[in-house]
Amino acid sequence: MLADWLTSAGLGAVKPVVAALVLPPMPFLALAIAGAGLARARPRASRWLVALACLGIWLSCCSGAARWVEESWLALPPPLDAAQRAALKARAAAGAPLAIVVLGGGMDVDTDEYGGSDLASVSLQRLRYGIWLGRQTGIAVAGSGGLGWAQPGNPAPPEASRMAEIARDEYGLPLRWVESSSRDTHENAVNTVALLHAAGIQEIVLVTSAGHMPRALREFRAAAAGPAMRVTPAP
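Note that the structure is a prediction, hence the values are computed from the model and not measured.

## Remarks on the overall build of the chain
Stage number 1. A count of helical and extended segments in the chain gives 10 helices and 7 strands.
Stage number 2. For the C-alpha atoms alone, the extent of the chain along its principal axes is close to 75 × 40 × 35 Å.
Stage number 3. Here the chain holds 235 residues, and 37% of them are scored as buried.
Stage number 4. The contacts of the chain with a sequence gap of at least 6 include a subset with a gap of at least 24, amounting to 67%.
Stage number 5. With an accessible surface of roughly 12,800 Å², the chain has 61% of that area assigned to carbon and sulfur atoms.
Stage number 6. Charge centroids of the chain, computed over 20 positive and 18 negative side chains, lie 10 Å from each other.

## Considerations on the nonpolar core
Stage number 1. Ile-100, Leu-127, Leu-133 and Val-205 are the most contacted members of the largest nonpolar core, which totals 22 residues.
Stage number 2. Elements that contribute at least two residues to this core include exactly α6 (82-93), β1 (98-103), α7 (121-137), α8 (159-169) and β6 (203-207).
Stage number 3. Membership of the second largest hydrophobic core comes to 19 residues, among which are Ala-142, Trp-177, Ile-201 and Ala-216.

## Structural notes on the sheet that holds strand β4 (residues 141-144)
Stage number 1. Strand order across the open sheet formed by 5 strands is β5-β4-β1-β6-β7, with parallel pairing between neighbours. The strands lining the two open edges of the sheet, one partner per strand, are β5 (177-179) and β7 (230-233). For this sheet, the mean inter-axis angle between neighbouring strands, taken without regard to orientation, is 25°.
Stage number 2. In the packing of α7 onto the sheet, the strands contacted are β1, β4 and β6, and the crossing angle to β1 comes to about 165°.

## Notes on the packing of aromatic side chains
Stage number 1. Under the defined criterion, the tally for this structure stands at 2 aromatic pairs.
Stage number 2. Relative to Trp-132, the ring of Tyr-129 has its centre 5.9 Å away and its plane inclined at 25°; by these criteria the two rings are stacked. Of the two residues, Tyr-129 and Trp-132 are both situated in helix α7; the distance of 3 residues between them amounts to about one turn of the helix.
Stage number 3. Its relative accessible area of 38% is what places Trp-132 among the partly exposed residues.
Stage number 4. The ring of Trp-177 has Arg-176 sitting right over it, with the charged end atom 5.4 Å from the ring centre.

## Comments concerning the pairing of β1
Stage number 1. Burial of β1 is extensive: 6 of the 6 residues sit out of reach of the surface.
Stage number 2. Where burial is concerned, the two faces of β1 agree: the one with Leu-98, Ile-100 and Val-102 and the one with Ala-99, Val-101 and Leu-103 are both buried.
Stage number 3. Where β1 lies against β6, 5 bridges are found, and the strand directions are parallel. Each bridged residue has a counterpart across the sheet, and for Leu-98 the counterpart in β6 is Glu-203.
Stage number 4. Across 4 bridges, β1 lies against β4 in parallel orientation. Within β4, the residue paired with Leu-103 across the bridge is Ser-144.

## Some remarks on a negative patch on the surface
Stage number 1. A contiguous patch of negative charge, built from Asp-108, Asp-110, Asp-112 and Glu-113, is present on the exposed surface.
Stage number 2. You can see Asp-112 is positioned in the loop between β2 (107-108) and β3 (118-119).
Stage number 3. For Asp-112, a relative accessible area of 70% translates into the label exposed.

## A look at unusual backbone geometry
Stage number 1. Pro-25 follows Pro-24 through a cis peptide bond whose omega is 10°.
Stage number 2. Unusually for a residue other than glycine, Ala-228 sits at a positive phi of about 55°.
Stage number 3. Along the chain, Ala-228 turns up in the loop between α10 (213-224) and β7.

## Examining a nonpolar patch on the surface
Stage number 1. A cluster of nonpolar side chains, Val-17, Leu-21, Val-22, Leu-23, Met-26 and Leu-29, forms an exposed patch at the surface whose accessible area comes to about 520 Å².
Stage number 2. Broken down by secondary-structure element, the contributors of at least two residues to the nonpolar patch are α2 (15-22) and α3 (26-37).
Stage number 3. In terms of residues, the nonpolar patch owes the most to one element, α2, which gives 3 residues.
Stage number 4. Tracing the chain through its elements places Leu-29 in helix α3.

Calculation criteria
Residues numbered from 1 in each chain as written. Predicted model: local features only at pLDDT ≥ 70, side-chain atom pairs only at ≥ 80, totals over all residues. Heavy atoms only, no water. Helix = DSSP H or I, 4+ residues; strand = E, 2+ residues; numbered from the N terminus. Buried < 20%, exposed > 50% of the residue type's maximum accessible area, 1.4 Å probe, protein only. Contact = heavy atoms within 4.5 Å. Areas by Shrake-Rupley, 256 points an atom, 1.4 Å probe, with all protein chains shown as cover. Lys, Arg positive; Asp, Glu negative; His and termini not counted. Charge placed at Lys NZ, Arg CZ, Asp CG, Glu CD. Core = buried A, V, L, I, M, F, W, Y, C linked by side-chain atoms within 4.5 Å. Pairing = 2+ DSSP bridges. Axes fitted to C-alpha atoms, helices over the stretch in contact; angles between N-to-C directions. Phe/Tyr/Trp six-rings, centres within 6.5 Å; stacked < 30°, edge-to-face > 60°. Lys NZ or Arg CZ within 6 Å of the ring centre and 35° of its normal. Patch = residues over 30% accessible without salt bridge, like charges linked within 9 Å, V, L, I, M, F, W, Y side chains within 5 Å. Salt bridge = Lys/Arg side-chain N within 4 Å of Asp/Glu carboxyl O.

Written out as structure tokens, the structure reads:
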């Protein structure tokens, strides 16, 4: 993956720029510009290219198209069912060293009504499910997330610190572990695995959004291969 290569090459800070250039709508805008450039020499091809670019831009704005791409192109693991949750609960009750890890999904810095930055909606969804799963299974919960590569000068607290505040004050379930120095999914995995391995944890129940799970699962399983830690997806 390009993101992993940039991180390993010490170029993580340019990932937001690369993402802005290669993700929609930029490819379709480039197609539209190419089509416009052919307007005189190849008018018919020009019209087709511009039409395709407009269609691509429209589809990239549709949640239905995004869901179709997720379901068709990504190997999305299914959510945990009642039997799997019961099995996790029984293992936790028997003393198995497990931890639920909730990955952050971004911060909303424009929340003056709270007197400062707050979790973005996707982060709140992940946190809510992680806490619910913790109550269902009796497994302690960890939060992972710092300030992203695009937020180096942001005075806001790290994401996992805000997660810990909300978990404690609004859900009444304090996080057992807080990993707040990571800047991307790769660092989420490396830092969290190191933190939990030192605490004797042998299995991670990984909570993140379904569309993010394939990449997160790959990163966590790679980081956990050394200490032979098991990673169970809980999208």
